[in-house]
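Geometric and topological summary
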Amino acid sequence: MTDRYEPSSGLPVRVYIEDTDAGGIVYHAKYLHYMERARTEWVRSRGVGLRAGLADNVSYVVQRLSIHYGAPAKLDDELRVTAEPVAFGRVWMDFRQLVVRVPDEAVLASADVRVACIALDSGRPRRLPANMLKLLENDRKTNSQVE
C-alpha cells in the first residue's frame, strides 16, 4: 500500500497493531489521523505544498468536526480514506470525509470537517492563500461538471 492520494479513490491505509486496542479494534482517535493524512494528500496531489505555506506564515487547523462511527475497522483491514471539499469561505474549507473498508466498500466512519486558515505566528484567522482558493475553485468547477 502507498500513502499516495488517488483523486478517484482516496488514500489507501492499512490498519496496523499500533492503531488498535487490545482486541484488534481501531481506536476512535486513529480515524482522525487517517482523515488528516487524506486531507493533506488531497492538497499535495494537486500540487500545493504545505511546507511552503509554513514559510509564508500560513497554517491550517481543524476548527469544527462532526464524526459518525458506523462500524469498527480491525487489525490488518485495508481502508480507503477520502477527502472531498464541499464548501469554502475566505478563511475556511469544509471537507466531507469517509473511511471505507476496501473489500466490501462498507463505510466505517464519516465526518464533516471545517479547516481554518491561520497566521502561524499569531494563531489568528487569515485569508486562504491564492493557490488554495484556486485549487478549491477548480475542484468545485470539476465536480459541478461531473454532476
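Let me begin by describing the structure that accompanies this report. (Residues numbered from 1 in each chain as written. Predicted model: local features only at pLDDT ≥ 70, side-chain atom pairs only at ≥ 80, totals over all residues. Heavy atoms only, no water.)

1. Remarks on the overall build of the chain
Put simply, the rule is: Elements are defined by DSSP. Helices are runs of H or I of four residues or more, strands are runs of E of two residues or more, and each kind is numbered from the N terminus. Within these notes, the globule rule equals 2.2 Å times the number of residues to the 0.38 power, and the radius of gyration is based on C-alpha atoms. Summary of the burial criterion: residues with accessible area below 20% of their type's maximum are buried, those above 50% are exposed, and those between are partly exposed, where the area comes from a 1.4 Å probe applied to protein chains only.
In terms of regular secondary structure, the chain is built from three helices and five strands. Walking the chain from its N terminus toward its C terminus, one meets helices and strands in the order β-α-α-β-β-β-β-α. Relative to the globule expectation of 15 Å for 147 residues, the C-alpha radius of gyration of the chain, 16 Å, shows essentially globular dimensions. Overall size of the chain, expressed as C-alpha extent along the three principal axes, is 45 × 40 × 25 Å. Relative to its 147 residues, the chain shows a buried fraction of 39%.

2. Topic: the layout of surface pockets
To keep it simple, the criterion reads: A cavity here means a set of points on a 1 Å grid, drawn over the protein atoms and nothing else, where a 1.4 Å probe fits but cannot get out; a pocket is an open set with protein on both sides within 12 Å along at least five of seven lines, and a residue lines either one if it has an atom within 4 Å of a point. Grid points are joined across faces, edges and corners, and a volume is the space filled by probe spheres set on the points. Under the scheme applied, nonpolar residues are Ala, Val, Leu, Ile, Met, Phe, Trp, Tyr, Cys and Pro; charged residues are Asp, Glu, Lys and Arg; polar residues are all the others, including Gly.
Space inside the largest pocket adds up to approximately 310 Å³. Surrounding the largest pocket, 17 residues form its lining, Glu36, Thr40, Leu50, Tyr60 and Val115 being those nearest its centre. When residues of the lining of the largest pocket are traced back to their parent elements, those giving at least two are helix 1 (30–44), helix 2 (50–55), strand 2 (58–69) and strand 4 (92–101). Its residues assigned to classes, the lining of the largest pocket shows 11 nonpolar, two polar and four charged.

3. Side note on the nonpolar core
Test applied: Here, nonpolar core means buried Ala, Val, Leu, Ile, Met, Phe, Trp, Tyr and Cys residues that are tied together by side-chain atoms lying within 4.5 Å of each other. Every residue pair with non-hydrogen atoms within 4.5 Å of one another is taken to be in contact.
Of all hydrophobic cores here, the largest spans 30 residues; its most connected members are Leu79, Met93 and Met132. Of all elements in the fold, only strand 1 (11–14), helix 1, strand 3 (78–88), strand 4, strand 5 (106–119) and helix 3 (130–146) reach the threshold of two or more residues within this core. When residues no more than four places from it in sequence are discounted, the contact partners of Met132 are Val43, Val48, Tyr60 and Met93.

4. Brief notes about the pattern of salt bridges
Operational definition: In what follows, salt bridge is the name for a side-chain nitrogen of Lys or Arg lying within 4 Å of a carboxyl oxygen of Asp or Glu.
All chains considered together, the criterion is met by eight salt bridges. The partner of Asp94 in a salt bridge is Arg114, with the nearest N and O atoms 2.7 Å apart. Of this pair, Asp94 sits in strand 4 while Arg114 is found in strand 5, placing the two residues 20 residues apart along the sequence. In this structure, Asp94 and Arg114 share a single accessibility class: buried. The partner of Arg101 in a salt bridge is Asp104, and the shortest N-O contact between them spans 3.0 Å.

5. Topic: helix 1
Selection criterion: Expected helix span is computed as 1.5 Å times (number of residues minus one).
Taking 1.5 Å of rise per residue, the 15 residues of helix 1 would be expected to cover 21 Å, and the 21 Å separating its terminal C-alpha atoms lies within 8% of that figure. Buried within helix 1 we find Lys30, Tyr31, Tyr34, Met35, Ala38, Arg39, Thr40, Glu41, Trp42 and Val43.

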